[in-house]
Every structure is written in structure tokens, then in C-alpha cells.
Amino acid sequence: MTLVRVEGLTHTYQSRPAVDDITFTIEEGRIVGLIGPDGAGKTTTMRILLGMEHPESGTIHLPEEDHSHWIRSHVGYMPERFSLYEDLTVEENLWFFATVHGLSEAQFREKAAWLYRFSRLEPFRTRRAGALSGGMKQKLALSCALLHAPRLLILDEPTTGVDPLSRKEFWDMLDTLKGEGMGILISTPNLGEAEHCDTVLFLHEGKIMLQGSPDQLSGRMEGRIFRIDTETDPRALREEVRRMAPHIPCYLGPDGLRLAATPEELSPIVSAGYRIEGPLSPRLEDAFLATFLGIRDREAL
Ligand SMILES: Nc1ncnc2c1ncn2[C@@H]1O[C@H](COP(=O)(O)OP(=O)(O)OP(=O)(O)O)[C@@H](O)[C@H]1O
């Protein structure tokens, strides 16, 4: 079932579009990722969906006519900044949010028991939230957002600044929730996390530059990814290639300098004597970086 359908959403701050004509849907049991650098429009998109900001144009369809009621009843939200009470313990924070959502004490006890198992926060229930690690704080914030059993979760950069192990645990939790049918909208500046999403929206200056499943997006680069070994100075090599072929997106990867181009476009580099390998099997990161660098280079030319 479709939980949210957004069509042509546009919002401007001081005559600069923060969100520019974006359209997407969120289904039950699916994770939609808003991927993009700082200022791309991820938070603004979420704030509009939550009714905190009124879009200049575009429409939002939710399963109920009364949007405010549906959002209050069925949406769990984790804002970008830690928004819990640092002086309250883990349990007191959970209890506070349970009362906000009108849970009875018995309902709270049942839900908290499940959340403690789910988030593995049980041993820390009497610890002040301010004394938790970054990863545990995020698990507590997620637990608070889950107390009223939402159907849709909106998570604004929940894994930024979180250590890799906690980040993996956090994504495991999201996969479990997805398996139970929850729809999830998550934002991140981290390209690696996009692999976990069913649909990825790559935003740049408020516009969707790429949209699709990770396989669809990497598939677009089939036959277009090549590499050169960077045995000497990788950055110097990148600058040299950019000088020879300024319109070809190239970026340093773990296996050398990667180039996104057709074999014909690579001919000036081959003629200069560089040994180019490929085409390689494209990664999702190739689709993002080639698109982003392609736009930036076009703007610079
Ligand atoms: N309240 C505001 N007033 C003016 N400009 C704003 C406001 N909120 C956001 N913007 C601008 O809108 C654009 C999109 O910001 P937004 O916060 O949605 O991006 P983001 O992708 O979430 O990045 P970040 O992670 O930095 O928040 C940016 O250029 C930002 O400066």
C-alpha cells in the first residue's frame, strides 16, 4: 500500500529553491533514501511531509484526508539533532514520549519491554541519555519514535557521526522494521548507505538528479566505468586526466582513478599513453559521483 505520494513539491527560501519539483512515493515495507550533500534539500523535504513547512507548490497524498491527524497517529520522526532529554534516563525519556502519545502505563510496559530487546538498551535503562554513546543515543531516539507503533518512519541523518558498528546495528533495526511492513524515509550524506534502500533519490540543490533502485542506478553506468592504476601520485594523476579531458567525471576510488565515459571519449587519455582498464562492473557510488561531478564540471566550464 502507498503511504505517501509527493508530486511536484517545490519550496523556496529567500528566492532560492530548497526543494525543486520533486516527485516520489513511499510504500509500506520499503525504504526510500534521500541522498545528497549538505544543503541538498533533504531536511526541507522531510519538514514539508511532516506539515512543519508549507510548500509553495506541489501536492502530498496521505492515506487520510486529515493530514495532521494521520501524521500525529502514524508517523515517527527522528530529527537531525539529538532531541531527547539528556538529564533524563533512558527509561524516563521513553516514558515521557509514551505519555505524549497517550499510552497507558500497561501499554508502556509492554512496548518498552519489546523496545529494550529490539534496541539492546536494557542494560542502560537507568543511564542518563546524555551519558550514552552516539550510537546508543540514536537507538534511544529511534525507540522513542517507535513507541506509538507508527506506519511511517522519517529519519533525518540518523547515522551521521555514529561509529561503523552501531551504524550497522541501526540499519539491521531498520531492516527488521521494514520486514514488518513499515515505510521508511531516511536521509544521509553517506553514499555507502544508499545500498540499503529500495529506492534512492539523489538530491542536488533541491532537484532529484537520480531516482531508482540501487541496481537500476548502477546499471545506468554499465559499459561506462574505467580505471587507471594510481601507482605514483593519485591526486596528480587525477589533475592530469582532468586537464586532458575536462568533461569526463573522474574520481579516486579504492582501486585507482575511476573514469565515467564511453571508450571514444577516453581516446585523448589513451593517446597520451595511459593504460586504461575496463569497462568495469559499475557500483552505485559510480552513478552518484559521475552525476555529481558531471554537473559540477558543466557548471565550471
Ligand atoms: N529556515 C531556512 N531559512 C532559509 N534557508 C533555509 C532554511 N532551511 C533551509 N534553508 C536552505 O535550503 C537549502 C536546503 O536545506 P536543507 O536543510 O533542506 O538541506 P539538507 O540536504 O537537509 O542539508 P543539511 O544536512 O545541511 O541540513 C539550503 O540551501 C539551506 O541553506
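An unreviewed UniProt entry annotates the protein as ABC transporter related protein of Winmispira thermophila.

> Describe in detail the site of the ligand, supporting the description with residues and values.
In the vicinity of the ligand, the residues found are Tyr 13, Gln 14, Ala 18, Gly 36, Asp 38, Gly 39, Ala 40, Gly 41, Lys 42, Thr 43 and Thr 44. A total of three residues in the shell around the ligand trace back to one element, the largest contributor, which is helix 1 (residues 42-49). Across the shell around the ligand, the residue classes break down as three nonpolar, six polar and two charged.

> Which residues make up the UniProt feature "domain: ABC transporter" (unreviewed entry) in the protein, and what are the values?
The feature "domain: ABC transporter" (unreviewed entry), as annotated in UniProt, sits at residues 4-230 in this numbering. Note that residues 4-230 is 34% helix and 28% strand, and that its end C-alpha atoms are spaced 46 Å apart.

> Quick rundown of the sheet that holds strand 8 (residues 199-204)? Include the residues and the values.
Backbone hydrogen bonds hold the strands of a sheet together, and the pairing may be parallel or antiparallel. Taken in spatial order, the six strands line up as 5-6-7-3-8-9 in an open sheet, and their pairing is mixed. Pairing within the sheet leaves two strands with one partner each, and these edge strands are strand 5 (75-78) and strand 9 (207-212). Adjacent strand axes in the sheet meet at a mean angle of 15°, parallel and antiparallel pairs treated alike. Bridge analysis of strand 3 (residues 31-35) against strand 8 gives four bridges, and the strand direction is parallel. Bridge assignment links Val 32 to a residue of strand 8, and that residue is Thr 199. Contacting strand 3, strand 6 (152-156), strand 7 (183-188) and strand 8, helix 1 crosses the sheet at an angle of about 145° to strand 6. Running at roughly 155° to strand 7, helix 6 (residues 164-179) makes contact with strand 3, strand 6 and strand 7 of the sheet.

> Quick one: what's the story with the sheet that holds strand 11 (residues 250-253), residue by residue and with numbers?
An order of 10-12-11 is seen for the three strands of this open sheet, with the pairing classed as antiparallel. Both edges of this open sheet fall to strand 10 (225-228) and strand 11, since each of them pairs with a single strand only. The mean inter-strand angle of the sheet, taken between neighbouring strand axes irrespective of direction, is 35°. Pairing of strand 10 with strand 12 (residues 256-260), which is carried by four bridges, proceeds in the antiparallel orientation. From the neighbouring strand, Ile 225 faces strand 12, where its bridge partner is Ala 260.

> Please give an account of the confidence of the model for the protein that cites residues and values.
With 98% of its residues at a pLDDT of 70 or more, the protein shows a mean pLDDT of 93. The secondary-structure element of the protein with the lowest mean pLDDT is helix 10 (residues 284-300), recorded at 77, while strand 6 shows the highest, at 98. Taken over the whole predicted complex, pTM reads 0.92, whereas the ipTM for its chain interfaces reads 0.95.

> Now, about helix 5 (residues 134-146): what can you tell me, with residues and values included?
Helix length check: helix 5 (13 residues) gives 19 Å between terminal C-alpha atoms against 18 Å at 1.5 Å per residue, within 8%. With 10 of 13 residues buried, helix 5 lies mostly within the body of the structure. Along helix 5, the residues classified as buried are Met 136, Lys 137, Gln 138, Lys 139, Leu 140, Ala 141, Leu 142, Ser 143, Cys 144 and Leu 146. Those residues of helix 5 hidden inside the fold are in contact with strand 5, helix 3 (90-100), helix 4 (105-119) and helix 6.

Scoring rules and cut-offs
Residues numbered from 1 in each chain as written. Predicted model: local features only at pLDDT ≥ 70, side-chain atom pairs only at ≥ 80, totals over all residues. Near = placed C-beta within 6 Å. Helix = DSSP H or I, 4+ residues; strand = E, 2+ residues; numbered from the N terminus. Nonpolar A, V, L, I, M, F, W, Y, C, P; charged D, E, K, R; others polar. UniProt positions renumbered as here; feature names shortened; annotations may be inferred. Pairing = 2+ DSSP bridges. Axes fitted to C-alpha atoms, helices over the stretch in contact; angles between N-to-C directions. Contact = placed C-beta atoms within 7 Å. pLDDT = per-residue confidence, 0-100. Expected span 1.5 Å × (residues − 1). Buried ≥ 20, exposed ≤ 12 C-beta atoms within 10 Å, placed from the backbone.

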